[in-house]
Amino acid sequence: MLCSWRGGPGSGRLLLSLLLVAAWEAGRGQLHYSVLEEAKHGTFVGRIAQDLGLELAELVPRLFRVASKGRGDLLEVNLQNGILFVNSRIDREELCGRSAECSVHLEVIVDRPLQVFHVEVEVRDINDNPPVFPESNKSLVIAESRPPETRFPLDGASDADIGVNSALTYRLEPNDFFSLEKQNNRGQTSSLSLVLRETLDREKIQEHRLLLTATDGGKPGLTGTVQLRISILDVNDNAPEFHQFIYKVRVLEDVLNGTLLIRLTATDPDDGTNGEIAYSFRRPTSPAVARVFNINPNSGEIRTKGKLDFEEKKLYEISVEAVDKGNIPMTGHCTLMVEVIDINDNAPEVTITSLSLPVREDTQPSAVIALISVSDRDAGANGQVTCSLTPQVPFKLVSTFKNYYSLVLDSALDRESISEYELVVTARDGGSPSLSATASVSVEVADVNDNAPVFAQPEYTVFVRENNPPGSHIFTVSARDADAQENARVSYSLVERRVGERALSSYVSVHAESGRVYALQPLDHEELELLQFQPRQPNPDWRYSASLRAGMHSSVHLEEAGILRAGPGGPDQQWPTVSSATPEPEAGEVSPPVGAGVNSNSWTFKYGPGNPKQSGPGELPDKFIIPGSPAIISIRQEPTNSQIDKSDFITFGKKEETKKKKKKKKGNKTQDKKEKGNSTTDNSDQ
C-alpha cells in the first residue's frame, strides 16, 4: 500500500511506503500479507478479520484464534479491531536462513461452526547484515618465482541477507602487483582469486599488506573487510597443479561410510621432495565438511566418514589444496562440489488437530470432524504426499490447502447401526518404494432420540380366573427402545376410556417402569365379558393398543383357532394341547408367559356359518362349559382411533385334564349348563 502527499509550490514531498500487502487469492482460498523483518512491536500487518469476512462482534463468541506451527508468537490479532500486528521481533535470517522465500503460515480457526482459514505472512528482507569474511587477517605465502597471472584463491565473504542485499562486490586496496578476480560457477558459487600481475622480487619487497573490502547491494550498502598479509619466499618455484579448478560429484545420501567419492590428482614438475605432494582440505575447514568427509594426504582420495542427509544439507563446497614438500612449500588449489541426491528415507508425518467429538448421529453431511496436516522432509516426488481414509464411508477427506485436509462427514450416521468408527488416515509419499504413515481417529456417535419404543409382539394372550384378589398381577408388557441411556428409558401408561359407566383405570393399572399390569378389583365374567385397554409410551407420537378380554359364556362368536365339530351324540370339541410352559395342567387355569402367542397356552374354538356341521349358539351342549372363569388378555399395535368390536371374537383358556377327571366332572357341568340356559339370553351376536 503506497500513500503520497504533495504540498504547495516550493514545499517538499513526502512519500510513505508501508510495504504491507494483503491479497486474497480466491482460487486457492488463502490470505497473503507481507511485513518487513525487524518491524517494531505493534506494526500493522493487515485487517485480518475484515479480509476473512468475519464480523468483529463474532470474534470472541466464535473463539477466534491464530495458530502458527513452530513460529511462536511472532504475530498476534487484536480481537477488538480484528487487526493482525507484529507481536515480537522477526529475524528473517533466524527464521528461514538463506532461503529465497520466507513466510509465516498461520491457521485462523473459529468455532460455531468450525472454520479454518490459511494465512501466509511473507517476511521481507532488509539489509541488516554486513558481509563477513571467515578471518579478519589472512596470511599468504608466495614464492618470488611465481609467474604473472598466477591465481591465489581467497575466501570470499558471506552475507546472511538474500537477494540484492546479499549481492557482494569486492575491492582490493590499489597496488602494483596484485589484482582481484571473481568468477561465477553456474550460479551455484563464486570463486575469489588474488591474481599476480607483476613479477615479485623478494629482495625489494618481502611482504605486502593489502585490505580487501566486500560491499553488499543494499541501500545503503554494508561492508566487511579482511587484511591480507602476503609473504614472499625465494624457494621452490613450482607449485602443484590440479587438472581442473572445479570438480563435481553426485552421491546418494544413503551411501555407506568409507565410500570413495573422487581421487584428486595434482602434478608438480619439481624433482625430489619439491615434487612430492600432500593433499588436504584448505583451512579453515567447514565443520559440516570435516564431519562427513576425509581426504587421504598421499593419494588424494576423498571418502565419506559420516552420514549424509539431503534434508540437512544438499550441497558441499570443499576447498582442496595440494602442497609440495620443498623447503618452501608451494600449494595448488581446486574446489570439489559434492551434490547430495535425495532418497526416500523419510516417512510422511500426520498431525490431527481440532477434533469435534463425539459426533451426533443427526449431524448433517459435510460437517467438519477434524483437521489433518501432513508433511514429508524429502524432496521432489519423495516429498509429495497423498492422503487416504479407511473406511471411506461415512466420512471422507477434503483437501483444503497444500498438505492440509479436513475430515468431513460424507453421509448420514445411525448410532443404532454403528455407534463408533475407527478411522485410519494414511499418508503415502510418491517415492519408489513409497513410505507411509498412519494416524487413527476414534469417532464416537452420540445418540439422539430418533427411535420409538417397540413392544416385543403385537398381541399378547393370557388367562385370568374371575373373582381374582384386588391388586393381582395379570401379566407384564415389555417394550424396547433402540436408543441409548435416557433416550432408551421406557415408561408405560394406559389410554383412559370408559368401560360401561366406569373408567378403565378402575379395573386395571400398569406400573410405569416395569410394565406389570394389575387388576384393581375382582373381575366378574357375568358382569363384564370384554375389557379393552391400550398401554402406551408417554410420547404422543407413538401409540400402542392392547385389549383385555374376559368371557366364559358359550353362546358368543368365538375366535378362530380350534374347531367345534358335530358328531354322534352332539358336537365334538377339539382342544389343542396345553403348552409345556404350564406348570400345573390339572389346575384348570392357563396364564401364558409374557411374549407368548395366542395359541401357546390357550384353547380356542369357533362355530358359525363357516362350520355348517356345528350346532347353533343356543344349542351348545353343557359339555362345552369350561369350569372356572378364565379371561384372555391380548395386546396388539393399532392406530389410536381404532375401534374393536368385542362381538367379533372371544377366546377361552383351558388346561388339559386327564380323561378320568374329565369324565368325573362332565355330569356336574351338564347340569349347571342346563340351569343357566333357562335364565340367560343368547350372547352369540355380541
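Bear in mind that the values here come from a model prediction, so they are computed numbers and not experimental data.

**Q** For the overall build of the chain, give the residues involved together with the corresponding values.
**A** Within the chain, the secondary structure is distributed over four helices and 47 strands. In the chain, which comprises 686 residues, the proportion classed as buried is 42%. Expressed as a percentage of contacts within the chain between residues at least 6 apart in sequence, the contacts between residues at least 24 apart total 67%. Accessible area of the chain: about 36,400 Å², with a carbon and sulfur share of 49%.

**Q** Give me the pattern of salt bridges: which residues, what numbers.
**A** Summed over all chains, the structure comprises 21 salt bridges. Taken together, the shared-partner salt bridges in this structure form one network comprising Glu38, Arg89 and Asp91.

**Q** Describe in detail the sheet that holds strand β11 (residues 137-143), supporting the description with residues and values.
**A** An order of β11-β17-β16-β13 is seen for the four strands of this open sheet, with the pairing classed as mixed. The open sheet terminates on both sides in strands that have one partner only, identified here as β11 and β13 (169-172). Strand after strand, the sheet turns through a mean of 25° between neighbouring axes, direction not considered. Taken together, the four bridges between β13 and strand β16 (residues 207-215) define a ladder with antiparallel strand orientation. Pairing of Leu172 across the sheet is with Leu212, part of β16.

**Q** An account of the pairing of strand β24 (residues 301-304) is requested, with residue identities and associated values reported.
**A** Bridge analysis of strand β20 (residues 260-263) against β24 gives three bridges, and the strand direction is antiparallel. By the bridge assignment, Ile262 is partnered in β24 with Ile302. Judged from the three bridges that link them, strand β23 (residues 293-295) and β24 form a sheet pairing that is antiparallel. Residue pairing in the sheet places Ile295 in a bridge with Ile302 of β24. Counting the residues in the hairpin turn of β23 and β24 gives five residues, including Gly300, whose phi is positive at 80°.

**Q** Before we move on, can you summarise the state of the cysteines with the specific residues and values?
**A** Applying the stated criterion to the full structure yields one disulfide. The disulfide partner of Cys96 is Cys102, and the S-S distance across this bridge is 2.0 Å. Note on the Cys96 and Cys102 pair: the S-S dihedral is about 70°, so by sign convention the disulfide is right-handed. Taken individually, Cys96 and Cys102 each receive the classification buried, so the pair is uniform in this respect.

**Q** With reference to specific residues and values, describe the pairing of strand β26 (residues 331-341).
**A** Across seven bridges, the pairing between strand β19 (residues 246-252) and β26 is parallel. Paired with Ile246 across the strands is Thr335, a residue of β26. Joining the antiparallel neighbours strand β25 (residues 315-324) and β26 is a turn of six residues.

**Q** So what's going on with the sheet that holds strand β33 (residues 420-429)? Residues and values would help.
**A** Pairing within the open sheet is mixed, and its four strands lie in the order β28-β34-β33-β30. The outermost strands of the open sheet, each flanked by one partner alone, are β28 (359-360) and β30 (385-390). Examined bridge by bridge, β28 and strand β34 (residues 436-446) share two bridges and lie parallel to one another. Of the residues in β34, the one forming a bridge with Arg360 is Ala446.

**Q** Give a detailed account of unusual backbone geometry, specifying residues and quantitative values.
**A** For the peptide bond that leads from Arg112 to Pro113, omega is -5°, which places it in the cis range. Tracing the chain through its elements places Pro113 in the loop between β9 (103-110) and β10 (115-124). Residues Thr390 and Pro391 are joined by a peptide bond in cis, for which omega reads -10°. Note that Pro391 resides in the loop between β30 and β31 (395-401). Even without a glycine there, the phi angle at Glu149 is positive, about 75°. Turning to its location among the elements, Glu149 is positioned in the loop between β11 and β12 (151-154). Given the relative accessible area of 40%, Glu149 is considered partly exposed. In this structure, Asn467 takes a positive phi of about 60° despite not being glycine. Looking at the secondary structure, you find Asn467 in the loop between β35 (454-455) and β36 (472-476). Assessed through its relative accessible area of 55%, Asn467 is described here as exposed.

**Q** Report on the environment of Ala278, specifying residues and quantitative values.
**A** Secondary-structure assignment places Ala278 in strand β22 (residues 277-281). Among all residues touching Ala278, those that are not within four sequence positions of it are Pro297, Glu321, Ala322 and Val323.

**Q** How would you summarise the environment of Gly217 if you had to cite specific residues and measurements?
**A** Within the fold, Gly217 resides in the loop between β16 and β17 (223-233). When the C-alpha positions of Gly217 and Ala167 are compared, they lie 5.2 Å apart, and in sequence the two are 50 residues distant. Residues in contact with Gly217, not counting those within four places in the same chain, are Val164, Asn165 and Ala167.

**Q** Help me get a handle on the side chain of Ser179, residues and values and all.
**A** Within the fold, Ser179 resides in strand β14 (residues 178-185). In this structure the side chain of Ser179 is engaged in a polar contact, spanning 2.4 Å, whose partner is the side chain of Arg197. Apart from residues lying up to four places away in sequence, Ser179 is in contact with Leu172, Ser193, Leu194, Val195 and Arg197.

**Q** How would you sum up the packing of aromatic side chains? Please name residues and give values.
**A** Counted by the stated rule, this structure contains six aromatic pairs. Between the aromatic rings of Phe395 and Tyr421, the centroid separation amounts to 5.3 Å while the plane-to-plane angle is 80°, which identifies the pairing as edge-to-face. In this pair, Phe395 is assigned in strand β31 and Tyr421 in strand β33, connecting sequence segments 26 residues apart. The class for Tyr421 is buried, based on a relative accessible area of 11%.

**Q** Would you mind going over the confidence of the model for the chain in detail, with residue names and values included?
**A** Summing up the model confidence of the chain, the mean pLDDT is 75 and the portion of residues at 70 or higher is 71%. Per-residue pLDDT stays below 50 along residues 1-28; that stretch engages in 40 contacts with residues further than four places along the chain or on separate chains. For the stretch residues 539-686, pLDDT sits under 50, and the model shows 316 contacts to residues farther than four places along the chain or on other chains.

**Q** So what about the side chain of Asn468? Which residues, and what values?
**A** Tracing the backbone through its elements, the reader meets Asn468 in the loop between β35 and β36. By relative accessible area, which is 7% here, Asn468 ends up buried. Setting aside anything within four residues of it in sequence, one finds Asn468 in contact with Ala519, Gln521, Pro522 and Leu523.

Rules of the game
- Residues numbered from 1 in each chain as written.
- Predicted model: local features only at pLDDT ≥ 70, side-chain atom pairs only at ≥ 80, totals over all residues.
- Heavy atoms only, no water.
- Helix = DSSP H or I, 4+ residues; strand = E, 2+ residues; numbered from the N terminus.
- Buried < 20%, exposed > 50% of the residue type's maximum accessible area, 1.4 Å probe, protein only.
- Contact = heavy atoms within 4.5 Å.
- Areas by Shrake-Rupley, 256 points an atom, 1.4 Å probe, with all protein chains shown as cover.
- Salt bridge = Lys/Arg side-chain N within 4 Å of Asp/Glu carboxyl O.
- Pairing = 2+ DSSP bridges.
- Axes fitted to C-alpha atoms, helices over the stretch in contact; angles between N-to-C directions.
- Disulfide = S-S within 2.5 Å.
- Polar contact = N/O pair within 3.5 Å; in protein donor to acceptor, adjacent residues only side chain to side chain.
- Phe/Tyr/Trp six-rings, centres within 6.5 Å; stacked < 30°, edge-to-face > 60°.
- pLDDT = per-residue confidence, 0-100.

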